[in-house]
Amino acid sequence: MTETDGNSALGQGSKTLSEFESARLLAGFGIPTAKGILAQNLEEVKKAAESIGYPVVLKACSPEVSHKTESGLVAVDLRNEADLELAFQKISGSSAAKGGGFLVQEMIKGGRELVMGMIRDPQFGPCVMFGLGGIFTEILGDVTFRPAPLSEADAAEMMREIKGNKILDAVRGMPAVDADSLIQCLMAVGRIGMEREEIEAIDVNPLIIQGSKPVAVDALVILK
Amino acid sequence: MARKLDSFFEPRSVAVIGATSVRHKSGNDILLNIMANNYSGELYLVNPKGGDIMGKKVYSSIGDLPEGIDMAVIILPAKLNSQAIRECAARGINAIVLAAGGFSEVDEEGQLLQAELEKAVKETGVRVIGPNTSGMTSTPHNFTSSFFPLGWIPRGNISYIAQTGNFATHTMRYITTGENFGVARVVGIGNKVDVDESDVLEYYASDPETKAIFVYLESFKSPKRFLEIARETTRRKPIILLKGGSTDGGSHAAGAHTAALASDDRIIDGALKQAGITRIYKYSLLILAAKALSAMPLPRGNRVSFLAPSGAMLVAMTDMCQKYWNLEVPALEESSRRRLQEISPPYIRMRNPVDIWASAMVNGIEFGYREGMEAVLKDPHIDAVVPIMMITDETGVPDLQFVVDLARKYPEKPIYVTFSAEKKHMDAAKAFLEPRGVPTFPMIEEPLEVLSVLAQCRKYMDRP
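Residues numbered from 1 in each chain as written. Chains lettered and ligands numbered in written order. Predicted model: local features only at pLDDT ≥ 70, side-chain atom pairs only at ≥ 80, totals over all residues. Heavy atoms only, no water.

## Some points on the overall build of chain A
Right, so step 1: A count of helical and extended segments in chain A gives six helices and ten strands.
Right, so step 2: Classification of the 224 residues of chain A by burial places 55% in the buried group.
Right, so step 3: Taking contacts inside chain A between residues at least 6 apart in sequence as the whole, the part at least 24 apart equals 62%.
Right, so step 4: Total accessible area computed for chain A in this model is approximately 9600 Å², and 53% of it derives from carbon and sulfur atoms. (Helix = DSSP H or I, 4+ residues; strand = E, 2+ residues; numbered from the N terminus. Buried < 20%, exposed > 50% of the residue type's maximum accessible area, 1.4 Å probe, protein only. Contact = heavy atoms within 4.5 Å. Areas by Shrake-Rupley, 256 points an atom, 1.4 Å probe, with all protein chains shown as cover.)

Here's what the structure looks like:
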């Protein structure tokens, strides 16, 4: 992921940013994101995978497509070029792909998925959310909010506050989550809310814990 | 900044617009309240009929009032209020309480009247509490604008902000007749055309008379300012808040998980935590926690010891402490435990919580509770002590002075007394203990629930 400012990519008339643009925005605020390269055709896709290193994830990349997994526009854990080519044929052949190119992404592995996000509340302004990620976000709704900007203490409290907070400890052979890195991520989401008026909402889901470090794997940025 | 509300809380002179000699009307009850509280400033009465009320001259119009009156309470029909504001402003009155209802809380016509009020406030620059409020009480200044029959309101160190008329009316009537604690300031903010919850909070934050702030709110008029003031204040004074009702949801951007999960309640919860405001969900805690804080210091932590005359009470309360109240019932120092064992027959294994009944039966109620309480009050692992006192004619009615003495001997540790058995002895104990600075609670859960709230306040106060 290049560390350029997300400004130039922002907007362009669409109501959401593409995943690639979203990730670039987050990275610009210091949030670790999965390495990703945008590609337009199979050749570029192969080259990108080569440069990132297998295994990779391949996704259709378009601002209009937000539920990619459900639409069959995501293929994960592609271990070699043959896997990649097969996935490319499937995704590029799908009617749901709308011609925004393809995102080749580093395959982030970790047993723990968290969620973080931002919304604008009519009373309290930008608010940061943190909680259990992946499918548990919808199933358990184990999340907590704080108005931005967040202090370090606010972020640390949010981490303790969710019911499933043990997920952040050393569990089942996995190391404890690096609290400082997670605190920095939450504070950064708050800063985006404070500094980027044009952004209405952010979902980072999942935020995968790779080893002990959080990495934003899928991000959705909604514009006003 | 905060001192801008001085004229409300420390008025040297007050005009009552709409004063009347007709009994049981608001314009008369307010006069009785003002007199019952020994207001010592100048009082001016206005009624178009003129004459005199209770021997006091009545001015027939606001225009006839002298210059330099600090504050006016306007008790007139809704449609006359904005004109009255302008007339008061013309006489140099800068602080006004509007009692009348019939504004935006009722119908469209009321909304129009309220818009007129807002215009009058803006154009004249006066400060207004209300409309639709019983107004405010300030005991250090012996003043209340309440038009609900209250009688004398005892002075204390608790202040209330309420988005409801009932705190300055019937809830206050309960406190003054059913409890033994007093208040410093009470404001019913009503429809908030001008003065809102943040203005009052700011005043209380720097008010030396206010030791703790209790809030009932249904909506925030200036949420960010309120939180900003609270965030700083809660490091010095507890703020305990009950949020009533919920505002319209669904105003967040659709399509994001975050938005779908962003209920008002979750966001308010996060906002209050960030500001160090202790959120409560029970109306009665607005009174019970106030009573506890009036008499006793904020506990230093959440470690409680309680003494009960029943195994079931020990077990059930311990369960509740852990499950609902975030209170610890820690093990005692060995020396404390040994002392407890000394005062008890050997067949009871003494520890925390304390099974005090055998000791009280063998050695007398007073001895058992006194020695038992002292043992745990001395213990460095204990922040607060709750004796559940069982008193009946047959088992003995102790002289409760020992509880008062223990409270004085260990002033840094709250003692909250609760009861079992005979109601008449509970009432007598309350009447004896509370005026002497020891709060009592009729139901055994109540003191622990209050401790839970206050331990949270302490946690916020000690934030890094």
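Having seen it, we continue.
## As for the overall build of chain B
Right, so step 1: When helices and strands are counted, chain B shows 17 helices and 19 strands.
Right, so step 2: In terms of principal-axis extent, the alpha carbons of chain B reach across some 80 × 65 × 35 Å.
Right, so step 3: Counting across all 464 residues of chain B, residues that qualify as buried make up 61%.
Right, so step 4: Contacts in chain B between residues at least 24 apart in sequence constitute 74% of all its contacts with a sequence separation of at least 6.
Right, so step 5: Counting 52 positive and 54 negative side-chain charges, chain B places the averaged centre of each group 3 Å from the other. (Lys, Arg positive; Asp, Glu negative; His and termini not counted. Charge placed at Lys NZ, Arg CZ, Asp CG, Glu CD.)

## Topic: the sheet that holds strand E2 (residues 42-46) of chain B
Residue and element names in this part refer to chain B.
Right, so step 1: Sheet architecture is open: seven strands sit in the order E3-E4-E2-E1-E5-E6-E7, paired in mixed fashion. Each edge of the open sheet carries a strand with a single partner, namely strand E3 (52-53) and strand E7 (127-129).
Right, so step 2: Bridging between strand E1 (residues 13-17) and E2 involves five bridges; their strand directions are parallel. Of the residues in E2, the one forming a bridge with Ser13 is Glu42. (Pairing = 2+ DSSP bridges.)

## A short note on the pattern of salt bridges
Residues and elements named next belong to chain B.
Right, so step 1: The final tally for this structure, using the stated rule, is 44 salt bridges over all chains.
Right, so step 2: A salt bridge links Asp194 to Arg127; its shortest N-O distance comes to 2.9 Å. You can see Asp194 sitting in the loop between strand E11 (183-188) and helix H6 (197-205) and its partner Arg127 sitting in strand E7, a full 67 residues away along the chain. With respect to burial, Asp194 and Arg127 carry one shared label: buried. (Salt bridge = Lys/Arg side-chain N within 4 Å of Asp/Glu carboxyl O.)

## A closer look at the sheet that holds strand E15 (residues 304-308) of chain B
All names here are of chain B.
Right, so step 1: Taking strand neighbours across the sheet as the criterion, the five strands line up as E16-E15-E17-E18-E19 in an open arrangement whose pairing is parallel. The open sheet has two edge strands, strand E16 (354-355) and strand E19 (440-441), and neither has a second partner.
Right, so step 2: The sheet contact formed by strand E17 (residues 384-391) and strand E18 (residues 417-421) spans four bridges and is parallel. Bridging from a neighbouring strand, Met390 pairs with Ser420 of E18.
Right, so step 3: Along the sheet, helix H11 (residues 311-323) makes contact with E15, E16, E17 and E18, crossing E15 at roughly 155 degrees.
Right, so step 4: Seen against the sheet, helix H16 (residues 423-433) touches E17, E18 and E19 and runs at an angle of roughly 160 degrees to E18. (Axes fitted to C-alpha atoms, helices over the stretch in contact; angles between N-to-C directions.)

## Thoughts on the interface of chain A and chain B
Right, so step 1: Contacts between the two partners involve 31 residues from chain A and, on the opposite side, 25 residues from chain B.
Right, so step 2: For the pairing of chain A and chain B, the buried interface totals around 2300 Å² over both sides, and the portion due to carbon and sulfur atoms is 62%.
Right, so step 3: Its largest share of buried area at the contact with chain B, chain A owes to A:Gln123, A:Phe124 and A:Phe145, together 30% of the area lost on that side.
Right, so step 4: Among the salt bridges present, the one from A:Glu161 reaches B:Lys273, with a minimum N-O distance of 3.3 Å.
Right, so step 5: Mapped by element, the contributors of at least two residues to the side of chain A that touches chain B are strand E5 (112-121), strand E6 (125-132), helix H4 (135-140), strand E7 (143-147), helix H5 (152-161), strand E8 (199-210) and strand E10 (219-223) of chain A.
Right, so step 6: Per element, the largest residue contribution to the side of chain A that touches chain B is six residues, and it comes from E5(A). (Buried area = accessible area lost by both parts, 1.4 Å probe.)

## A few points about the nonpolar core
Across soluble globular proteins, you tend to see nonpolar side chains buried next to one another.
Right, so step 1: The biggest cluster of nonpolar side chains holds 88 residues, and the ones touching the most others in it are B:Tyr160, B:Phe214, B:Val403, B:Ile415, B:Leu448 and B:Leu454.
Right, so step 2: Three or more residues apiece are contributed to this core by two domains, here domain 1 (2-291) and domain 2 (299-461) of chain B.
Right, so step 3: Ignoring anything within four residues of it in the chain, the contact list for B:Leu448 reads B:Val304, B:Phe306, B:Met317, B:Cys321, B:Trp325, B:Leu327 and B:Val386.
Right, so step 4: Within the second largest apolar cluster, 61 residues are counted, among which are A:Ile222, B:Phe9, B:Tyr39 and B:Val97. (Core = buried A, V, L, I, M, F, W, Y, C linked by side-chain atoms within 4.5 Å. Domains from an automatic or database assignment.)

## Comments concerning the domain arrangement of chain B
Residue and element names in this part refer to chain B.
Right, so step 1: In terms of domains, chain B is made up of domain 1 (2-291) and domain 2 (299-461).
Right, so step 2: Computed over C-alpha atoms, the centres of domain 1 and domain 2 are 38 Å apart.
Right, so step 3: Both sides together, the interface formed by domain 1 and domain 2 hides about 1400 Å², and carbon and sulfur atoms give 63% of it.
Right, so step 4: Across the contact surface, domain 1 and domain 2 share three salt bridges.
Right, so step 5: The residue Lys430 makes a salt bridge to Glu179 at a minimum N-O spacing of 2.9 Å.
Right, so step 6: Where domain 1 touches domain 2, the interface holds six residue pairs in polar contact (both at pLDDT 80 or more).
Right, so step 7: If you tally residues by element for the side of domain 1 that touches domain 2, the top one is helix H10 (residues 285-295), at four residues. (Polar contact = N/O pair within 3.5 Å; in protein donor to acceptor, adjacent residues only side chain to side chain.)

## Here we look at the pairing of E11(B)
Successive side chains on a regular strand alternate, one facing one side of the sheet and the next facing the other.
All names here are of chain B.
Right, so step 1: With six of six residues buried, E11 lies mostly within the body of the structure.
Right, so step 2: The pairing of strand E8 (residues 136-138) with E11 spans three bridges and is classified as antiparallel. Each bridged residue has a counterpart across the sheet, and for Thr137 the counterpart in E11 is Val186.
Right, so step 3: Direction of pairing for strand E10 (residues 155-162) relative to E11: parallel, over a ladder of five bridges. When the sheet's bridge partners are listed, Tyr160 is paired in E11 with Val186.
Right, so step 4: A crossover links E10 with its parallel partner E11, the connecting element being helix H5 (residues 170-178), and its sense is right-handed. (Right-handed = clockwise from strand over helix to strand, strands pointing away.)

## Considerations on helix H6 (residues 179-195) of chain A
All names here are of chain A.
Right, so step 1: Along its 17 residues, H6 runs 24 Å from first to last C-alpha, staying within 8% of the 24 Å computed at 1.5 Å per residue.
Right, so step 2: Considered for burial, the residues of H6 that qualify are Ser181, Leu182, Ile183, Cys185, Leu186, Met187, Ala188, Val189, Gly190, Ile192 and Gly193.
Right, so step 3: Buried positions along H6 lie against helix H1 (19-28), E5, E6, H5, E8 and strand E9 (213-216).
Right, so step 4: Where H6 begins, one side-chain oxygen reaches toward the backbone nitrogen of Asp180, 3.2 Å away; that side chain belongs to Asp178. (Expected span 1.5 Å × (residues − 1).)

## Some remarks on the domain arrangement of chain A
Right, so step 1: According to the domain assignment, chain A contains domain 1 (35-106) and domain 2 (112-223).
Right, so step 2: Between the C-alpha centres of domain 1 of chain A and domain 2 of chain A the distance comes to 26 Å.

## Here's the deal with the environment of B:Ile93
Right, so step 1: In this fold, B:Ile93 is placed in the loop between helix H3 (81-90) and strand E6 (95-98).
Right, so step 2: Between the C-alpha atoms of B:Ile93 and B:Glu67, which are 26 residues apart in sequence, the distance is 7.8 Å.

## Looking at the packing of aromatic side chains
Residue and element names in this part refer to chain B.
Right, so step 1: In the structure shown here, the tally under the stated rule is ten aromatic pairs over all chains.
Right, so step 2: Lying across the ring of Phe441, Lys291 places its NZ or CZ 5.1 Å from the centre.
Right, so step 3: The ring of Phe432 carries Arg436 above its face, with NZ or CZ at 3.9 Å from the centroid. (Phe/Tyr/Trp six-rings, centres within 6.5 Å; stacked < 30°, edge-to-face > 60°. Lys NZ or Arg CZ within 6 Å of the ring centre and 35° of its normal.)

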